[in-house]
Structure formats: structure tokens, C-alpha cells
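Structure assessment
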Amino acid sequence: MAEEKTILLTQEAYDKLKEELAHREGEYREEITERIAAARAEGDLSENGGYQAAREEQGKNEGRINELIVKLRNAKILEAPKAGTVGNGSLVVLELAGREMTYVLGSRDIAVATDYDVISPESPIGAAIMGAHAGDTVSYAAPNGREISVTIKESNPLA
């Protein structure tokens, strides 16, 4: 069995994933079951596209339910980094090549609670800015080997 990895989440992201799990285990699961029953009542299942589609959707829903259960079981709620310091769960404004861009530093699972793009802490830029402070300029090696400098304009805990 694969080793389960701790998933760092903000409280808001954790709550949204719990909400999604409740929806998928409850009303959405019932809706799919009703569609399967209605399609089954139509007769010959081998040529019933509605039945096949509903069964496929049921499988996807059950897969997502299992994924959410594992994520929530392995979740650790992030302690918000202090304003000005970049850490997991920070909303960071970066200046790169004269352009300002806003990102969240953390996992894709954190992104469920925000509309911002996410930078992974394991990525070259994420590793470079982790632990830095507002006003710092850091460099990192891009995948193509080029050295890139980025300035941290501001960093705040993700609200």
C-alpha cells in the first residue's frame, strides 16, 4: 500500500473539502442512484446510454469520496505564517520581470478555498521564497537552468 502523505490545509480549505464530502455522500449520491434506477426501469441495459453514463458518474463520485476521506484523514491545519513572512498558506505578491503577480504558496488542496493560482513549496520558485520576507529579492534556477530573480512585494496569511 502506498504511503499516505500529510496534506497541509488552511481551516477554510479543510471546511470546503468536508462540505464537498458531505454533498457527495448525501444528496449527490442519492441523485445518481435515482438516475440509475430510472434508467434501469427503461429496460435493456446493454443499449441504455443513460444507464451507462449514470454508472460511470457513480464510479467517479465514489472515487472522489474516497479521495476526500483520505485527504481529510491526513490533513494538518496550517498555522498561519506571520504577515511579511512567506510560508505555507501565504498569499504572496511577487514582482517578476517587472510584473506583479499574486499567488498562494501551498498545495492544490489549499486552492479549493481561494481563486488565486497556487505555487507549490516543492517547486523551484516555491522553495526559493519559502521563509523569505516582504522586500527580499531571491533567485532560483528555472527548469531550463536559467537563473531568475523575484522580489517579494508582500506576504500575508491566507484569510
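Residues numbered from 1 in each chain as written. Predicted model: local features only at pLDDT ≥ 70, side-chain atom pairs only at ≥ 80, totals over all residues. Heavy atoms only, no water.

The protein chain has the name Transcription elongation factor GreA in an unreviewed UniProt entry, where Gardnerella greenwoodii is given as its organism.

Some points on unusual backbone geometry
Only a minority of non-glycine residues have a phi that is not negative, and only a minority of peptide bonds are not trans. For A97, which is not glycine, the phi dihedral falls at a positive 55 degrees. Positionally, A97 belongs in the loop between strand 3 (90-96) and strand 4 (99-105). (Helix = DSSP H or I, 4+ residues; strand = E, 2+ residues; numbered from the N terminus.)

Topic: the domain arrangement of the protein chain
Here the protein chain is described as being made up of domain 1 (7-77) and domain 2 (85-157). Here the C-alpha centroids of domain 1 and domain 2 sit 33 Å apart. Taken residue by residue, the interface counts 9 residues in domain 1 and 6 residues in domain 2. Taking both sides of the interface into account, the surface hidden between domain 1 and domain 2 amounts to around 660 Å²; carbon and sulfur atoms contribute 66%. Sorting the residues of domain 1 by area buried against domain 2 places L8, T10 and K16 first, and these three jointly supply 48% of that buried surface. Counting the contacts that link domain 1 with domain 2 gives 1 salt bridge. Scanning the region where domain 1 abuts domain 2 turns up 2 residue pairs in polar contact (both at pLDDT 80 or more). Listed by contribution, the elements that provide at least two residues to the side of domain 1 that touches domain 2 are strand 1 (7-9) and helix 1 (11-25). Broken down by class, the residue content of the side of domain 1 that touches domain 2 amounts to 5 nonpolar, 1 polar and 3 charged. (Domains from an automatic or database assignment. Contact = heavy atoms within 4.5 Å. Buried area = accessible area lost by both parts, 1.4 Å probe. Salt bridge = Lys/Arg side-chain N within 4 Å of Asp/Glu carboxyl O. Polar contact = N/O pair within 3.5 Å; in protein donor to acceptor, adjacent residues only side chain to side chain. Nonpolar A, V, L, I, M, F, W, Y, C, P; charged D, E, K, R; others polar.)

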